[in-house]
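Spelled out, the chains give:
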Amino acid sequence: MFSAIVRVFRTPDLRKKLLFTLAIIAIFRLGSFIPSPYVDFANVQACLNANQGTTGLYELVNLFSGGALLKLSIFALGIMPYITSSIIVQLLRVVIPHFETLYKEGQAGQARLTQYTRYLTIALGVLQSTTLITVARSGALFGTTSATECSNIITDTSWYAILLMVITMTAGTGLIMWLGELVTERGIGNGMSLLIFTSIAAQFPTSFWAIEQSNGIGTFLLVLLISVVVVGAVVFVEQSQRRIPVQYAKRMIGRRTYGGNNTYIPIKVNMAGVVPVIFASSLLYLPALVAQFNQPASGQAPAAWVTWVTNNLTNGGHPIYMALYALLIVGFTYFYVAITFNPEEVADNMKKYGGFIPGIRAGRPTAEYLDYVLTRITLPGSIYLAVVALVPLVAFALLGASSSFTFGGTSILIIVGVGLETVKQIDSQLQQRHYEGLLR
């Protein structure tokens, strides 16, 4: 293993890419600690220290921003606007025929879709930064605390100060998007995924240390063991796939023979990745967000629905929350797989190039067979996602460590998925140069 790492840094081209990627990650982490204009950093730190573990509503966004959201830094929004805009553009392919046409046009059409994603990212950055500043001004950013310093984290509430903060946070989102694209072009791996990986991994040491301080060394070791077991299970399932054999008939073009080889279509058990978990988390945050903006004036009792939402849908350890979370994950898994994998398109491409599945006729029977396999393999994949998302919530709640360790299956799936993909890319580049990969 160490000799493989030495080979990586001895390869000039690969070493340059790795160092460039590490430099971009360092810039990204540095921006997470630079406060936005008119933000009282001392009051922000006091609120963070007094309200550890009470950030339920903004947990997902704070997770993807590497803790920058609650610090109101220039990178407070993190990569979340880009993730949201990418998912929206991908879903709009089903609704808007022009988007589907651009997707099928190849590199030129996908470049246009990427441009639309960038414009939407900036628009979402303006919207989310405005919402974040409004919540911070009301003192509700750090939960239900009544500390006065949490209501005074913004020193100037005039219109020009708010406008400057919105511009700064939106520009930070644009800069993060550019940094991610630079890593994709000149570095190793997918830039956006690596920035998300960095944001999540940066908060793990603090969370583990908080568990050791509040619950003792025994609970800390047990949480560490659960995390290792879950990561091992995720690695096993993420590598699992159903391989559908495909044969190509021989074709004579001039004096040359083409085709005649055997290959397969790899259908992963978890084809949807972490997207259904993000969808489910985001959808469950909406009722809590609406309830937060419908809090009654002082001295008045809240509405019945606001009380129900606050009691049942803001606590990750509540049974109703877990049940809805699991059902939404299963539903979104089928929905997302149906959008991203089109059996009819795959069957038409196979028929065009003379490919067929042994025992299955080309054309519609092939599409029906692929749909049959996909529907049945998605069921264990969706259940697996729901279990991975719920196991940390249940285990840490039983151990009393959920308030210190605020990450669930979302973070574990992202960490493992991005880590495996990056190692594969390094391994393939090493094999091109040394005929020997990173891992034997």
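Rules used throughout
- Residues numbered from 1 in each chain as written.
- Predicted model: local features only at pLDDT ≥ 70, side-chain atom pairs only at ≥ 80, totals over all residues.
- Heavy atoms only, no water.
- Helix = DSSP H or I, 4+ residues; strand = E, 2+ residues; numbered from the N terminus.
- Buried < 20%, exposed > 50% of the residue type's maximum accessible area, 1.4 Å probe, protein only.
- Contact = heavy atoms within 4.5 Å.
- Areas by Shrake-Rupley, 256 points an atom, 1.4 Å probe, with all protein chains shown as cover.
- Pairing = 2+ DSSP bridges.
- Axes fitted to C-alpha atoms, helices over the stretch in contact; angles between N-to-C directions.
- Parallel < 35°, antiparallel > 145°, perpendicular 65-115°, else oblique.
- Left-handed = near helix turned anticlockwise from the far one by under 90°.
- Nonpolar A, V, L, I, M, F, W, Y, C, P; charged D, E, K, R; others polar.
- Salt bridge = Lys/Arg side-chain N within 4 Å of Asp/Glu carboxyl O.
- Patch = residues over 30% accessible without salt bridge, like charges linked within 9 Å, V, L, I, M, F, W, Y side chains within 5 Å.
- Core = buried A, V, L, I, M, F, W, Y, C linked by side-chain atoms within 4.5 Å.
- Phe/Tyr/Trp six-rings, centres within 6.5 Å; stacked < 30°, edge-to-face > 60°.
- Lys NZ or Arg CZ within 6 Å of the ring centre and 35° of its normal.
- Expected span 1.5 Å × (residues − 1).
- Arc of directions from axis to C-beta.

Visitor: Mind showing me how you'd approach the overall build of the protein chain here?
Guide: Broken down by element type, the protein chain carries 16 helices and 5 strands. Going through the 440 residues of the protein chain one by one, you find that 44% of them count as buried. When contacts within the protein chain are restricted to residue pairs at least 6 apart in sequence, those whose partners lie at least 24 apart make up 71%. Approximately 22,400 Å² of the protein chain is accessible, and the part contributed by carbon and sulfur atoms is 62%.

Visitor: Just checking my understanding: could you explain the sheet that holds strand β4 (residues 262-268) for this structure?
Guide: Paired through their backbone hydrogen bonds, the strands of a sheet run either parallel or antiparallel. With antiparallel pairing, 3 strands are arranged side by side in an open sheet as β4-β1-β5. Taken across any chain shown, the strands that pair with only one partner, and hence form the sheet edges, are β4 and β5 (355-356). Note that strand β1 (residues 241-248) and β5 share 2 bridges and pair antiparallel. Counted as the bridge partner of Gln-247 is Phe-356 from β5.

Visitor: Got a minute to help me understand the packing of helix α8 (residues 107-138) against helix α9 (residues 159-186) in this structure?
Guide: Helix packing geometry: the angle between the two helix axes and the distance between the axes. Where α8 meets α9, the axes come as close as 9 Å, and the angle between the chain directions of the two elements is 140°. Taken together, the axis directions place α8 and α9 in an arrangement best described as oblique. The chirality of how α8 crosses α9 is right-handed. Facing Thr-114, Arg-118, Thr-121, Ile-122, Gly-125, Val-126, Ser-129, Thr-130, Leu-132, Ile-133 and Arg-137 of α8, the residues of α9 in contact are Ile-162, Met-165, Val-166, Met-169, Thr-170, Thr-173, Gly-174, Met-177 and Glu-181. When its residues are assigned to classes, the contact of α8 with α9 shows 9 nonpolar, 8 polar and 3 charged.

Visitor: Looking at this model, I keep getting lost on unusual backbone geometry. Mind explaining?
Guide: With the exception of glycine, the majority of residues adopt a negative phi angle, and the majority of peptide bonds are in the trans configuration. If you check the backbone angles, Tyr-38 has positive phi at about 65° while not being a glycine. On the secondary structure map, Tyr-38 appears in the loop between α2 (12-31) and α3 (41-50). Taking relative accessible area as the criterion, Tyr-38 reaches 31% and is therefore assigned partly exposed.

Visitor: Before we go on, may I ask you to explain the pattern of salt bridges in this structure?
Guide: Opposite charge on two side chains makes pairing possible when the charged atoms of those side chains draw close. Enumeration according to the criterion identifies 4 salt bridges in this entry. In this structure, Arg-118 and Glu-181 form a salt bridge, with 2.9 Å as the shortest nitrogen-oxygen distance. Of this pair, Arg-118 sits in helix α8 while Glu-181 sits in helix α9, placing them 63 residues apart in sequence. Here Arg-118 falls in the partly exposed class, since its relative accessible area comes to 27%. Relative accessible area serves as the criterion here: at 16%, Glu-181 is assigned to the buried category. Put simply, Lys-268 and Glu-238 hold a salt bridge, and the shortest N to O gap is 3.8 Å.

Visitor: Can you walk me through a nonpolar patch on the surface in this structure?
Guide: On the surface, Tyr-38, Trp-159, Tyr-160, Leu-163, Leu-164 and Ile-167 cluster together to form a nonpolar patch covering roughly 650 Å² of accessible area. Secondary-structure assignment places Ile-167 in helix α9. Ile-167 gets classed as partly exposed once you look at its relative accessible area, which sits at 49%.

Visitor: Explain the nonpolar core to me, please; I cannot follow it from the model alone.
Guide: Across soluble globular proteins, nonpolar side chains have a tendency to be buried as a group. The biggest cluster of nonpolar side chains holds 66 residues, and the ones touching the most others in it are Val-234, Val-277, Tyr-325, Ile-329 and Leu-413. The element best represented in this core is helix α10 (residues 191-238), accounting for 14 residues. Counting residues in hydrophobic clusters, the runner-up holds 18 residues, among them Val-39, Val-44, Leu-48 and Ile-133.

Visitor: Honestly, the packing of aromatic side chains in this entry has me stumped. Any pointers?
Guide: Under the defined criterion, the tally for this structure stands at 4 aromatic pairs. Ring geometry for Phe-28 and Phe-75: centres 6.1 Å apart, planes at 20°, overall stacked. Linking Phe-28 in helix α2 with Phe-75 in the loop between α5 (68-71) and α6 (80-95), this pair joins segments that are 47 residues apart in sequence. The burial state of Phe-28 is the same as that of Phe-75; both residues are buried. Between Arg-93 and the ring centre of Tyr-103, over which it is positioned, the NZ or CZ distance is 3.7 Å.

Visitor: Is there a simple way to explain the packing of α2 against α10 in this structure?
Guide: The geometry of α2 relative to α10 is characterised by a closest axis approach of 11 Å and an angle of 55° between their N-to-C directions. Looking at the two axes, α2 sits oblique to α10. α2 and α10 meet at a crossing whose hand is right-handed. On α10, the residues that touch Thr-21, Ile-25, Phe-28 and Arg-29 of α2 are Leu-194, Leu-195, Thr-198, Ser-199 and Ala-202.

Visitor: Would you mind showing me how to read α2 here?
Guide: Structural remark: α-helix, 3.6 residues per turn; residues separated by three or four positions point the same way. Under the 1.5 Å per step criterion, the end-to-end length of α2 is 29 Å for 20 residues, consistent within 8% with the ideal 28 Å. Of the residues making up α2, those classed as buried are Leu-14, Leu-18, Thr-21, Ile-24, Ile-25, Phe-28, Arg-29 and Gly-31. Down the axis of α2, the buried side of the element spans an arc of 160°, and every buried residue falls inside it. Exposed side of α2, more than 90 degrees from the buried face: Pro-12, Lys-16 and Leu-30 are the residues found there.

Visitor: I tried to follow the environment of Trp-178 on my own but got confused; where do I start?
Guide: Here Trp-178 shows up in helix α9. Separated by 14 residues in the primary sequence, Trp-178 and Met-192 have C-alpha atoms spaced 9.5 Å apart.

Visitor: How should the side chain of Ser-85 be read in this particular structure?
Guide: Tracing the backbone through its elements, the reader meets Ser-85 in helix α6. Ser-85 gets classed as buried once you look at its relative accessible area, which sits at 0%. Those residues in contact with Ser-85, other than ones at most four positions away along the chain, are Thr-117, Leu-120, Thr-121 and Leu-124.

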